[in-house]
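# Examination of the molecular architecture
Residues per chain are reported as follows:
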Amino acid sequence: MVDIVKITDYMSEDLIKLDLKSKTKENVLNELSELMIKSSNIKDKNIIKKALTEREELGSTGIGKGIAIPHAKTSGASKLTVAFGLSKHKIDFESMDGEGVNIFFVFASPIEDSKIYLKVLARISRLIRSETFRNKLLNCKDPASVIKYINEEECI
């Protein structure tokens, strides 16, 4: 049997923020870490922020077209957890294409949970290639619509 991993299985409305206030990469990572600790799967904001920052030091997770996917495997996560943020401002995230970022998928996973971690990263990467998908995310008005839209796209 094929084991299908869905992004929305690891998200919840309280892990979605449609109005990130930060204007720098460091502050966005801090704000996203604060968002992540709303999950009972995440133990400590500082551990998550440190793990995300260390991952960024290896190379930017700003993949282009206004999107970044900050992610880390860490002892600060008991289960894979995905959060989502939008910024009205384009934030310099040292992206591959040099463009600012305003769509953020952020996730943390236990260190030993590589299989699901990689599957979720691959699914997000596949979905965000679509300009239509990116535009619909940018136009979501509430967290419920973000989950609904991602779920619809995952079922196609």
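For the structure itself, consult the block above.
Here goes a summary of the coordinates provided. (Residues numbered from 1 in each chain as written. Predicted model: local features only at pLDDT ≥ 70, side-chain atom pairs only at ≥ 80, totals over all residues. Heavy atoms only, no water.)

## A short note on the side chain of E154
As for its position among the elements, E154 is in helix α5 (residues 143-154). For E154, a relative accessible area of 7% puts it in the buried group. When residues no more than four places from it in sequence are discounted, the contact partners of E154 are V5, K6, I7, T8, R123 and L127. (Helix = DSSP H or I, 4+ residues; strand = E, 2+ residues; numbered from the N terminus. Buried < 20%, exposed > 50% of the residue type's maximum accessible area, 1.4 Å probe, protein only. Contact = heavy atoms within 4.5 Å.)

## Overview of the nonpolar core
One finds F84, F105, L137, V146 and I150 to be the most contacted residues of the largest nonpolar core, which totals 28 residues. Sorting the residues of this core by element identifies β1 (16-20), β5 (81-91), β6 (101-109), α3 (114-127), α4 (131-138) and α5 as the ones contributing at least two each. Ranked by residues supplied to this core, first place goes to α3 with 5 residues. Each residue touching I150, except ones within four places of it in the same chain, is listed here: I7, T8, M11, F105, L127, F133 and L137. L32, M36, A83 and V106 belong to the second-largest nonpolar core, a separate cluster that totals 21 residues. (Core = buried A, V, L, I, M, F, W, Y, C linked by side-chain atoms within 4.5 Å.)

## Quick word on the packing of aromatic side chains
The relative placement of two aromatic rings is captured by the distance of their centres and the angle of their planes. This model, assessed by the stated rule, comprises 4 aromatic pairs. Ring plane angle 65° and centroid distance 5.0 Å describe the contact between F84 and F105, whose orientation is recorded as edge-to-face. In this pair, F84 sits in strand β5 while F105 sits in strand β6, placing the two residues 21 residues apart along the sequence. Overall, F105 belongs to the buried group, its relative accessible area being 1%. Geometrically, the ring pair formed by F133 and Y149 is stacked, given 5.3 Å between the ring centres and 25° between the ring planes. Taken together, the residues span a long stretch of sequence, with F133 in helix α4 and Y149 in helix α5 at a distance of 16 residues. Per residue, the accessibility class of F133 equals that of Y149, and both read buried. Here K25 stacks its cationic end above the ring of F93, 4.9 Å away from the centre of that ring. Above the face of the Y117 ring, K73 is positioned so that its terminal group lies 5.5 Å from the ring centre. (Phe/Tyr/Trp six-rings, centres within 6.5 Å; stacked < 30°, edge-to-face > 60°. Lys NZ or Arg CZ within 6 Å of the ring centre and 35° of its normal.)

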